Amino acid sequence: MEIHINVSNMCRICLIEENLIDILLLGEPTSSWMTDIHRYFGVQLTFHEEKSTKLCISCYRKIETWRKDVLNATKNQNVIEFLDATIKKQGQERRNRQNQ
């Protein structure tokens, strides 16, 4: 009994065979997608391999959502750093005024 599976035509993450997007054909730099897929899912893709370089819509959206979450977390971290520095500065100014 032979099993015929086309490993190049399924989602690299969840193995679904429908609604696929080939990340090698996306407009933005493919290496960015490859890096993010590796960081998010732990799956390493390369440019010249016989295995699938496709994601289903669901897995594609997970990466997009994760990217937005990372961007928001970075922005929020910048706000926290600013607020922390402002509070420390105000505390130092208050101590300086009290010591005068």
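Residues numbered from 1 in each chain as written. Predicted model: local features only at pLDDT ≥ 70, side-chain atom pairs only at ≥ 80, totals over all residues. Heavy atoms only, no water.

1. Quick notes on the side chain of D22
Its place among the elements puts D22 in strand β1 (residues 20-22). One buried charged residue, D22, remains without a salt bridge, the closest side chain of opposite sign being K54 at 5.1 Å. For D22, the side chain forms a polar contact with the main-chain nitrogen of L24, separated by 3.0 Å. (Helix = DSSP H or I, 4+ residues; strand = E, 2+ residues; numbered from the N terminus. Buried < 20%, exposed > 50% of the residue type's maximum accessible area, 1.4 Å probe, protein only. Lys, Arg positive; Asp, Glu negative; His and termini not counted. Salt bridge = Lys/Arg side-chain N within 4 Å of Asp/Glu carboxyl O. Polar contact = N/O pair within 3.5 Å; in protein donor to acceptor, adjacent residues only side chain to side chain.)

2. Observations regarding the packing of helix α1 (residues 30-41) against helix α2 (residues 57-99)
One way to put it is that α1 packs onto α2 with a least axis distance of 10 Å and a crossing angle of 90°. Of the possible angle classes, the one that applies to α1 and α2 is roughly perpendicular. Here S32, W33, D36, I37, R39, Y40 and F41 of α1 come into contact with α2, specifically with C59, Y60, K62, I63, E64, W66 and R67. Looking at the contact of α1 with α2, its residues break down into 8 nonpolar, 1 polar and 5 charged. (Axes fitted to C-alpha atoms, helices over the stretch in contact; angles between N-to-C directions. Parallel < 35°, antiparallel > 145°, perpendicular 65-115°, else oblique. Contact = heavy atoms within 4.5 Å. Nonpolar A, V, L, I, M, F, W, Y, C, P; charged D, E, K, R; others polar.)

3. Looking at the environment of C59
Residue placement: C59 occurs in helix α2. C59 sits 37 residues away from D22 along the chain, and the two C-alpha atoms are 12 Å apart.

4. Points about the nonpolar core
Nonpolar side chains tend to gather and get buried jointly when the protein is soluble and globular. Counting residues in each nonpolar core, the largest one holds 13 residues, and the members touching the most others are I23, L26, W33, I37, L55 and Y60. Residue assignment for this core shows that the elements contributing at least two residues are α1, β2 (54-56) and α2. Sequence-distant contacts of Y60, defined by excluding residues within four places in its chain, comprise I21, L26, W33 and L55. (Core = buried A, V, L, I, M, F, W, Y, C linked by side-chain atoms within 4.5 Å.)

In short, geometric facts, not functional conclusions.
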